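Residue-level structure breakdown
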Amino acid sequence: MVRIGYIDTVHGICPHCDEDTLLVAIVTDYYKCTHCGEETRQYVNGSIKYLKLDDKDKAFVQRMRLNEENEEQDG
Ligand SMILES: [Zn+2]
């Protein structure tokens, strides 16, 4: 299965630079700001918010990325 080339983007307020900007999905629920390059977590509680990552989030993103890289190499 090839997922390269598919990029999920959303519009939101980045908590790092406070810009209403385009956020690119890096892994499920986690996005990277195209304005400042920082990573954020999508948080849904009535409305959608974007939060800064804490250490647990960072570890999770790191693990997901490693998983994806391994999957891509399997092909
Ligand atoms: Zn930003």
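Now for a description of the structure that goes with this document.

What counts, and where the lines are drawn
- Counting of residues starts from 1 at the beginning of each chain's written sequence and follows it residue by residue.
- For a predicted model such as this one, the threshold for reporting local features is a pLDDT of at least 70, and the threshold for listing and counting side-chain atom pairs is 80 or more; totals across whole chains, interfaces and linings nevertheless cover every residue.
- At least two bridges found by DSSP between two strands are what make those strands a pair.
- Put simply, DSSP marks the helices as runs of H or I at least four residues long and the strands as runs of E at least two long, and each gets a number from the N terminus on.
- Under the definition applied here, buried Ala, Val, Leu, Ile, Met, Phe, Trp, Tyr and Cys residues are grouped into a nonpolar core through C-beta atoms within 7 Å.
- Whether a residue is buried, exposed or partly exposed follows from its count of other C-beta atoms within 10 Å of its own C-beta, namely 20 or more, 12 or fewer, or something in between, respectively; the C-beta atoms are built from the backbone.

As for the pairing of strand 2 (residues 20-27)
- Note that strand 1 (residues 9-13) and strand 2 share five bridges and pair antiparallel. Each bridged residue has a counterpart across the sheet, and for His 11 the counterpart in strand 2 is Leu 22.
- From the end of strand 1 to the start of strand 2, which pair antiparallel, there are six residues, and Asp 18 there has a positive phi angle of about 60°.
- Sheet topology note: the strand 2/strand 3 (residues 30-33) ladder contains four bridges and is antiparallel. Looking at the pairing, Leu 23 lines up with Cys 33 of strand 3.
- A loop of two residues connects strand 2 with strand 3, the two strands running antiparallel in sequence, and Asp 29 in this loop sits at a positive phi of about 75°.

A closer look at the nonpolar core
- Counting six residues, the largest nonpolar core is built from Cys 14, Leu 23, Tyr 30, Tyr 31, Cys 33 and Tyr 50.
- For this core, the element with the most residues is strand 3, which contributes three residues.

Brief notes about the pairing of strand 4 (residues 39-45)
- In this structure, strand 3 lies alongside strand 4, joined through three bridges in antiparallel fashion. Pairing of Lys 32 across the sheet is with Glu 39, part of strand 4.
- Counting the residues that bridge the hairpin from strand 3 to strand 4 gives five residues, and of these Gly 37 lies at a positive phi of roughly 85°.
- In the sheet, strand 4 pairs with strand 5 (residues 47-52) via six bridges, with the strands oriented antiparallel. When the sheet's bridge partners are listed, Val 44 is paired in strand 5 with Ile 48.
- Connecting strand 4 to the next strand, strand 5, in antiparallel fashion are one residue, including Gly 46 with a positive phi near 85°.

Overview of unusual backbone geometry
- Residue Asp 18 is not a glycine yet carries a positive backbone phi of 60°.
- Its place among the elements puts Asp 18 in the loop between strand 1 and strand 2.
- Here the phi dihedral of Asp 29 falls at roughly 75°; this positive angle occurs in a residue that is not glycine.

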